[in-house]
Amino acid sequence: MTTTAPTRPDGTGPTPADVVAEAARRRTFAVISHPDAGKSTLTEALALHARVIGQAGAVHGKAGRRGTVSDWMDMEKARGISITSAALQFSYRDTVVNLLDTPGHADFSEDTYRVLTAVDAAVMLVDAAKGLETQTMKLFAVCRHRGIPVVTVVNKWDRPGRDALALMDEVAERTGLTPTPLTWPVGIAGDFRGVLDRRDGGYRRYTRTAGGATVAPEELLSPAEAAAREPDAWARACEEADLLAATSGEHDQDLFLSGVTTPVLFASAISNFGVGALLDVLVDLAPAPAGRPDTDGTPRPVDAPFSAFVFKVQSGMDAAHRDRLAYIRICSGVFERGMVVTHGPTGRPFATKYAQHVFGRERESIDVAYPGDVVGLVNASALHVGDTLYAGRPVAFPPLTTFAPEHFAVVRSLETAKHKQFRRGIEQLESEGVVQVLRSDRRGEQAPVFAVVGPMQFEVATHRMEHEFHAPVRLEPLPYTLAMRTDEASVAGITATTGTEVVQRSDGELLALFTTKWVMGVVRNGKPGLTLEPLVAAQLG
Ligand SMILES: Nc1nc2c(ncn2[C@@H]2O[C@H](COP(=O)(O)OP(=O)(O)OP(=O)(O)O)[C@@H](O)[C@H]2O)c(=O)[nH]1
Ligand SMILES: [Mg+2]
């Protein structure tokens, strides 16, 4: 096994101390929120601010303008929504930022959930006009469960919206996190002039650029200058900041890291206002990668030999090559392209010849990467979501939980001659986790069942079967709404009642499907010895 680390001029590779230093300058975070809050727009604004892209696409879906850098799929461009998460990596100040843009729609929450297993912090967007929506609350719950510190950004302050103090009350009441605003808006929602920086009392005044396509110039003014420049808006901001001092606390790093408080910033992603302040906050306050706990709960230190896990598999990113990309998050050690590592689930060697940094749809080869980095491995057909990779001392990270599906449909090929493409497409969608695929002897290979958390996943699967795998399909909805884990011994007892079926998932799990909770109750009460267990992540969803 070759695990040679990159060499320096004197012939030595990175030492554990080098790895610790590299990890310390990584920030890996996800942008999450309810649909349409501006995650993809903010992702692009962050990249623009770090000067990795020259111009923002600004509005996707508009004729003649390209989509945001992270929304690359045809369906995403057509609808102006994100369907899968996307990764960007760039340098800012002395830091390497790994940023994951997630889809906001509840139907794709499994994808968002997987991304949250791969990050050290989250940026939660709140729409200035809409406040906290149900989906936002669920994501907060996932962050809390995983111990991920959250930075809150109130976005779209350029548009009429709520009162800033009322929004803070809402964050506090509904999330249980104490908001500690770092900046406070000068100008009400819809009249965004800049922010009062509560850390130094100064005024960051923003200037709009045409269409928000370039970085918004920022002036730093003293309180006296601010008062002279914007007498009314500044006075109001100061008054509100005084009120805040009485109600919300000041930023406290330990309380933030332990999930008690959430620093708050005000922004307008589309005009690039407040974006630089956010990047600075991420660099200064968000945690660097720390040792990831293995299946026994023992953390593997960042300077241990290489380890990583697969949190996402995606194909069809590059129409010309039709390749398949497995995204790994590096947990420990040095990654060097070409090194041969061990694939945890099979124990087989895995050569990492084609490793790339991903930038939305674009990619470039990488030679070396460190803990916190997200790396794309090309044509890694052996890799599945949740798999551990390691070099040296073996490690297994806990598998990623899948959500309990709530919608089910039989999928059939519309063109029988295309059974090969049909099979390949189904396998691919399954290994990416686009849908769960359930099978049974009764239904046969020609008619597997797609199981999903939200119906839009069906649309994505159908679209990709036709356009990517050239195997158009028809879906026949099934009446089930509930899936429980069961075992072989319970099958006969379950299927004796109508409104039930037992099928097998590709991970070997037997799932009992029920049309309603009531039917499940009848089965359970009728035969108390049956195995019927809830699927793990259902409560998080
Ligand atoms: N006025 C205003 N509009 C914004 C701002 N940020 C985003 N938008 C608009 O809001 C819409 C949604 O933006 P996206 O960035 O696609 O939102 P998203 O959160 O990524 O959406 P999903 O990924 O589908 O959940 C687009 O029309 C954006 O142009 C902002 O700061 N101000
Ligand atoms: Mg988006």
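Residues numbered from 1 in each chain as written. Chains lettered and ligands numbered in written order. Predicted model: local features only at pLDDT ≥ 70, side-chain atom pairs only at ≥ 80, totals over all residues. Heavy atoms only, no water.

1. Observations regarding the overall build of the protein chain
Phase 1: Counting secondary structure elements, the protein chain contains 14 helices and 31 strands.
Phase 2: Contacts in the protein chain between residues far apart in sequence, at least 24 positions, make up 70% of those at least 6 positions apart.
Phase 3: In the structure as shown, the protein chain presents an accessible area of about 22,000 Å², 52% of it carried by carbon and sulfur atoms. (Helix = DSSP H or I, 4+ residues; strand = E, 2+ residues; numbered from the N terminus. Contact = heavy atoms within 4.5 Å. Areas by Shrake-Rupley, 256 points an atom, 1.4 Å probe, with all protein chains shown as cover.)

2. Quick notes on empty space enclosed by the protein
Phase 1: Summed over all chains, the structure comprises three cavities of 30 Å³ or more.
Phase 2: In this structure, the largest cavity spans a volume of roughly 190 Å³.
Phase 3: In terms of lining residues, the largest cavity is bounded by 16 residues, among which Thr-84, Asp-111, Arg-114, Gly-433 and Val-434 are the most central.
Phase 4: Mapped by element, the contributors of at least two residues to the lining of the largest cavity are helix H4 (109-116), strand S14 (307-315) and helix H12 (456-467). (1 Å grid on protein atoms, 1.4 Å probe; cavity = no way out; pocket = protein on both sides within 12 Å on 5 of 7 lines; lining within 4 Å. Points joined across faces, edges and corners; volume = space filled by probe spheres on them.)

3. Quick look at the pairing of strand S4 (residues 121-127)
Phase 1: Within S4, seven of the seven residues are buried, leaving the element largely enclosed by the surrounding structure.
Phase 2: As defined by bridge partners, strand S1 (residues 26-32) adjoins S4 across four bridges and the pair is classed as parallel. Bridge pairing in S4 links Phe-29 to Ala-121.
Phase 3: Bridge count between S4 and strand S5 (residues 150-155): six bridges; the pairing is parallel. What sits directly across from Asp-127, in S5, is Asn-155.
Phase 4: In this fold, S4 hands off to helix H5 (residues 134-146), which returns the chain to S5; that crossover is right-handed. (Buried < 20%, exposed > 50% of the residue type's maximum accessible area, 1.4 Å probe, protein only. Pairing = 2+ DSSP bridges. Right-handed = clockwise from strand over helix to strand, strands pointing away.)

4. Details of the confidence of the model for the protein chain
Phase 1: Across the protein chain, the average pLDDT comes to 87, with 89% of residues at 70 or higher.
Phase 2: Long-range and interchain partners of residues 1-5, a stretch whose pLDDT sits below 50, account for 12 contacts in this model, where long-range means more than four residues apart.
Phase 3: Contacts of residues 56-66 to residues separated by more than four positions or lying in other chains number 21 contacts, the stretch itself having pLDDT below 50. (pLDDT = per-residue confidence, 0-100.)

5. Considerations on the pairing of strand S8 (residues 194-197)
Phase 1: Of the strand pairs in this sheet, strand S7 (residues 183-186) and S8 are connected by four bridges, and their pairing is antiparallel. If you follow Trp-184 over to S8, its bridge partner there is Leu-196.
Phase 2: Here S8 runs beside strand S9 (residues 203-206); their pairing, made up of three bridges, is antiparallel. Across the sheet, residue Leu-196 finds its bridge partner in S9, namely Tyr-203.
Phase 3: In this structure, the hairpin formed by S8 and S9 is closed by a connection of five residues, where Gly-201 is found at a positive phi of approximately 80°.

6. Quick notes on the sheet that holds strand S30 (residues 510-514)
Phase 1: The strand order across the open sheet formed by eight strands is S27-S24-S26-S25-S29-S30-S28-S31, and the pairing between neighbours is antiparallel. The open sheet has two edge strands, strand S27 (473-478) and strand S31 (533-534), and neither has a second partner.
Phase 2: Note that strand S24 (residues 407-413) and strand S26 (residues 449-452) share four bridges and pair antiparallel. Opposite Val-410, over in S26, you have Val-449 as the bridge partner.

7. Digging into the UniProt feature "binding site: GTP" (unreviewed entry) in the protein chain
Phase 1: UniProt feature "binding site: GTP" (unreviewed entry): in the numbering of this structure it lies at Asp-101, Thr-102, Pro-103, Gly-104 and His-105.
Phase 2: For Thr-102, the position within the fold is in the loop between strand S3 (95-101) and H4.
Phase 3: Using a relative accessible area of 0% as the deciding quantity, one classes Thr-102 as buried.
Phase 4: Setting aside residues up to four positions removed in sequence, Thr-102 forms contacts with Ala-30, Val-31, Ile-32, Lys-39, Ser-82, Ser-85, Thr-112 and Val-115.
Phase 5: In terms of polar contacts, Thr-102 uses its side chain to reach the backbone carbonyl oxygen of Val-31, at 2.8 Å.
Phase 6: Tracing the sequence through the fold places His-105 in the loop between S3 and H4.
Phase 7: Residues in contact with His-105, not counting those within four places in the same chain, are Pro-35 and Met-456. (UniProt positions renumbered as here; feature names shortened; annotations may be inferred. Polar contact = N/O pair within 3.5 Å; in protein donor to acceptor, adjacent residues only side chain to side chain.)

8. A look at the sheet that holds S9
Phase 1: Pairing is antiparallel across the open sheet formed by four strands, whose spatial order is S7-S8-S9-S10. One side of each edge strand has no neighbouring strand; the edge strands of this open sheet are S7 and strand S10 (218-221). Here the strands of the sheet are splayed against their neighbours by 25° on average, with no regard to which way each runs.
Phase 2: Bridging between S9 and S10 involves four bridges; their strand directions are antiparallel. (Axes fitted to C-alpha atoms, helices over the stretch in contact; angles between N-to-C directions.)

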